[in-house]
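Breakdown of the fold
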Amino acid sequence: MQIVSLSDHDLHMRFPSTLENVDQASLLAQDFLREHLPNTDFFLVLLSLREALTNAVIHGNRKEALKAVDCHISLSADRLDIVVSDQGAGFPWRSRKWELPPPSSVSGRGLEIMRNSFDRIAFNQCGNQVTLQKRLNTSGVNTMLQIQHEGSKIVARVTENMVGSRIDGLRDALNDLINGGHTDVTIDLQGVDMVDSLGMGLLVATHNSLKAKQGRLSVVNVHPEIYNVLTTMRLDKHFTITRAT
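This write-up is about the structure you can find in this document. No experiment lies behind these values; they were computed from the predicted model shown.

This part is about the environment of glutamine 214. Along the chain, glutamine 214 turns up in the loop between α6 (197-212) and β10 (216-222). By relative accessible area, glutamine 214 is classed as exposed at 72%. Along the sequence, glutamine 214 and threonine 240 sit 26 residues apart, while their C-alpha atoms lie 15 Å from each other.

Now for the pairing of strand β2 (residues 10-16). Among the 7 residues in β2, 5 count as buried, and that is most of the element. Pairing between strand β1 (residues 2-7) and β2: 5 bridges, direction antiparallel. Of the residues in β2, the one forming a bridge with serine 7 is aspartate 10. Taken together, the 7 bridges between β2 and strand β3 (residues 68-75) define a ladder with antiparallel strand orientation. Bridging across to β3, aspartate 10 finds its partner in serine 74.

A word on the sheet that holds strand β5 (residues 120-123). If you walk across this open sheet you meet the 6 strands as β1-β2-β3-β4-β6-β5, and the pairing is antiparallel. The open sheet has two free edges, formed respectively by β1 and β5, since each of these has just one partner strand. Going across the sheet, the axis of each strand differs from the next one's by a mean of 10°, ignoring polarity. As defined by bridge partners, β5 adjoins strand β6 (residues 129-135) across 4 bridges and the pair is classed as antiparallel. Within β6, the residue paired with alanine 122 across the bridge is threonine 131. Seen against the sheet, helix α1 (residues 19-33) touches β1, β2, β3 and β4 (79-85) and runs at an angle of roughly 170° to β2. Each of β5 and β6 is contacted by helix α3 (residues 110-117), which is oriented at about 130° to β5, the strand it contacts most.

Moving on to the sheet that holds β10. Taking strand neighbours across the sheet as the criterion, the 5 strands line up as β7-β8-β9-β10-β11 in an open arrangement whose pairing is mixed. One side of each edge strand has no neighbouring strand; the edge strands of this open sheet are β7 (145-150) and β11 (240-243). For this sheet the average axis-to-axis angle between neighbouring strands, irrespective of direction, equals 20°. With 4 bridges joining them, strand β8 (residues 153-158) and strand β9 (residues 184-188) adopt parallel strand pairing. When the bridges of β9 are listed, arginine 157 appears paired with aspartate 188. The strands touched by helix α7 (residues 224-232) are β10 and β11; relative to β11, the strand with the most contacts, the crossing angle is about 150°.

Below, the discussion takes up unusual backbone geometry. A positive phi angle, near 55°, is found at arginine 62, a position not held by glycine. Take arginine 62: it is sitting in the loop between α2 (39-60) and β3. The backbone of glutamine 214 shows a phi angle near 60°, a positive value even though the residue is not glycine.

Here the focus is the side chain of serine 17. Position of serine 17 among the secondary structure elements: in the loop between β2 and α1. The buried category is assigned to serine 17, whose relative accessible area is 1%. Within the structure, serine 17 has its side chain in polar contact with the side chain of asparagine 61 (distance 2.7 Å). Within polar-contact distance, the side chain of serine 17 engages the backbone oxygen of lysine 67 at 2.8 Å. Among all residues touching serine 17, those that are not within four sequence positions of it are Val57, Asn61, Lys63, Glu64, Ala65, Lys67, Ala68 and Val69.

Reading the values: rules and limits
- Residues numbered from 1 in each chain as written.
- Predicted model: local features only at pLDDT ≥ 70, side-chain atom pairs only at ≥ 80, totals over all residues.
- Heavy atoms only, no water.
- Helix = DSSP H or I, 4+ residues; strand = E, 2+ residues; numbered from the N terminus.
- Buried < 20%, exposed > 50% of the residue type's maximum accessible area, 1.4 Å probe, protein only.
- Pairing = 2+ DSSP bridges.
- Axes fitted to C-alpha atoms, helices over the stretch in contact; angles between N-to-C directions.
- Contact = heavy atoms within 4.5 Å.
- Polar contact = N/O pair within 3.5 Å; in protein donor to acceptor, adjacent residues only side chain to side chain.

Shown next, in the form of structure tokens:
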């Protein structure tokens, strides 16, 4: 295991292609990231990193210990970047079907774990390097809006009340999704007990932005009291609203 460079916000590792080295690299990354990531992100980031390293060892370098895996982790004020590369022939990522494998499958889940945990996943041209990017928001929006990919659809689960003090940050997060090319968005309000007029305005604005891109908005798991207000305001005439069961 070689630490190529190490600073407060940058870790670059290189190691021979063995699964034992994946364990060691994951431990080094865990120590590096611990004080920079919120607890809500920590587990999924480390899990995704391990999946990327394992893929590089097994599928990229075919466990050939003479071939190396490079891992570069960098942090800025608002973003985490992880780049993992191997010395293999590459991965045919253009033909990848981005969906979960059947429950009976013994493999194929690693990429979905990465895609569900990071805001962006990209490959180089030949497919032997993967870049994972995640926004880091110190204002706490990450804990308010949890993003999950379900095929081509994005589910944005809101975990706090949609009231005035939270709207600006939530608006930025939703705009990032839409500007990133996601046009089929479901907002899950299961954890929301209050939506004020500013929250309703945000739902309408999100619908309008998606409609302009030929997309659609659905709002699901809405508590009965909130559902009654939203339908009284006739918001169901603009987008689908489903009451919690």
